[in-house]
Amino acid sequence: DTAVSQTPKYLVTQMGNDKSIKCEQNLGHDTMYWYKQDSKKFLKIMFSYNNKELIINETVPNRFSPKSPDKAHLNLHINSLELGDSAVYFCASSLGLAGVGETQYFGPGTRLLVL
Amino acid sequence: GENVEQHPSTLSVQEGDSAVIKCTYSDSASNYFPWYKQELGKRPQLIIDIRSNVGEKKDQRIAVTLNKTAKHFSLHITETQPEDSAVYFCAASTFGGTSYGKLTFGQGTILTVHP
């Protein structure tokens, strides 16, 4: 009965590798998000999809590529990982758009450590 | 784009005292302001929100006030308990263009409630 789930929970990898994080929500929401939380706890949006359409694309290196195969799933692929990519990545979903007052529900986070 | 400043960055209180966290925002078009609580190692969760047509909202021990003229809003927690210890984030919504539906978060406040 998990609302928003992410896999993996922890990811330790070497610089230069390519990795993917998966997110699924079973809430029937139309909108999904990826956030990055750095070591200082700063929470910053990266991408948002509404009904599989990209609607928010912040200034993120093009090594990061989101993909939404359907509105219940939003994956994040990262190419050529760098040390600075180490962070906690949160997936979130909302029924409509969070910025118009819809509650965002966050996943448990994926702790990425690049060595 | 929207900029949200949050103060203080850390706040330490005794159990039973009140705690106040303040945020200012830059975009006068913003009209939705949620607050999230993040316990250590956990996901952020919405605790209260307010829209620009309301000046104050209360939910048990938690209240939020909004001053649109001054572009600031505050979280008030009364009768604090040790379980209130967490990181609290304010956020403001931004509309228009590629920012539609986007929430911009403040830097977070680490609240510690001492028994």
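Refer to the preceding data block for the structure.
Residues numbered from 1 in each chain as written. Chains lettered and ligands numbered in written order. Predicted model: local features only at pLDDT ≥ 70, side-chain atom pairs only at ≥ 80, totals over all residues. Heavy atoms only, no water.

(A) Looking closely at the overall build of chain A. Each helix and strand in chain A was counted, giving zero helices and 11 strands. For chain A, the sequential pattern of α-helices and β-strands runs β-β-β-β-β-β-β-β-β-β-β. Its C-alpha atoms give chain A a radius of gyration of 13 Å, within 12% of the compact-globule value 13 Å for 115 residues. Across its three principal axes, chain A shows a C-alpha extent of roughly 35 × 30 × 30 Å. Burial analysis of chain A (115 residues in total) assigns 45% to the buried set. Counting only contacts in chain A whose residues sit at least 6 apart along the sequence, the fraction spanning at least 24 positions is 55%. Accessible surface computed for chain A: about 5,400 Å², of which carbon and sulfur atoms make up 51%. (Helix = DSSP H or I, 4+ residues; strand = E, 2+ residues; numbered from the N terminus. Rg over C-alpha atoms; globule rule 2.2 N^0.38 Å. Buried < 20%, exposed > 50% of the residue type's maximum accessible area, 1.4 Å probe, protein only. Contact = heavy atoms within 4.5 Å. Areas by Shrake-Rupley, 256 points an atom, 1.4 Å probe, with all protein chains shown as cover.)

(B) Just the pattern of salt bridges, in detail. Residue and element names in this part refer to chain A. Evaluation of the coordinates by the stated rule reveals eight salt bridges over all chains. Of the charged contacts, one joins Lys-71 and Asp-30 as a salt bridge, the two residues approaching to 2.7 Å between their closest N and O atoms. Taken together, the residues span a long stretch of sequence, with Lys-71 in the loop between strand S7 (64-70) and strand S8 (73-78) and Asp-30 in the loop between strand S3 (19-25) and strand S4 (31-37) at a distance of 41 residues. With relative accessibility at 22%, the residue Asp-30 sits in the partly exposed group. With a shortest N-O distance of 3.7 Å, Glu-58 and Lys-44 are connected by a salt bridge. Placement of the pair is Glu-58 in the loop between strand S6 (53-57) and S7 and Lys-44 in strand S5 (residues 43-50), with a sequence separation of 14 residues. (Salt bridge = Lys/Arg side-chain N within 4 Å of Asp/Glu carboxyl O.)

(C) Geometry of the interface of chain A and chain B. Counting residues at the interface gives 24 residues for chain A, matched by 21 residues for chain B. Both sides together, the interface formed by chain A and chain B hides about 2,000 Å², and carbon and sulfur atoms give 57% of it. Looking only at chain A, the three residues that lose the most surface to chain B are Leu43(A), Gly99(A) and Phe106(A), adding up to 23% of its buried area. Inspection of the chain A/chain B interface yields one salt bridge. (Buried area = accessible area lost by both parts, 1.4 Å probe.)

(D) Quick look at the pairing of S7(A). All names here are of chain A. Where S7 meets S8, five bridges bridge the pair, whose relative direction is antiparallel. By the bridge assignment for S8, Pro-66 is matched with Leu-76. With antiparallel pairing between neighbouring strands as the criterion, S7 and S8 make up a hairpin whose turn holds two residues. (Pairing = 2+ DSSP bridges.)

(E) View of the side chain of Asp85(A). Within the secondary structure, Asp85(A) is located in the loop between S8 and strand S9 (87-94). Those residues in contact with Asp85(A) that sit more than four places away from it in its chain are Lys36(A), Arg63(A), Phe64(A), Ile78(A), Ser80(A), Leu112(A) and Val114(A).

(F) Structural view of the nonpolar core. If you look at the biggest cluster of nonpolar residues, it comprises 24 residues, and the most contacted ones within it are Trp35(B), Phe73(B), Leu75(B), Tyr88(B) and Leu111(B). Those elements that provide at least two residues to this core are strand S2 (10-14), strand S3 (19-25), strand S4 (32-38), strand S5 (45-51), strand S7 (62-67), strand S8 (72-77), strand S9 (86-94) and strand S11 (109-114) of chain B. (Core = buried A, V, L, I, M, F, W, Y, C linked by side-chain atoms within 4.5 Å.)

(G) Fine view of the sheet that holds strand S1 (residues 4-7) of chain B. Residue and element names in this part refer to chain B. Read from one edge to the other, the open sheet built from five strands follows the order S1-S3-S8-S7-S6, with strand pairing classed as antiparallel. The open sheet terminates on both sides in strands that have one partner only, identified here as S1 and strand S6 (56-59). Between one strand and the next, the sheet's axes are offset by a mean angle of 15 degrees, whatever the strand orientation. Relative to S3, S1 runs antiparallel, the two being bridged by four bridges. Bridging from a neighbouring strand, Val-4 pairs with Tyr-25 of S3. (Axes fitted to C-alpha atoms, helices over the stretch in contact; angles between N-to-C directions.)

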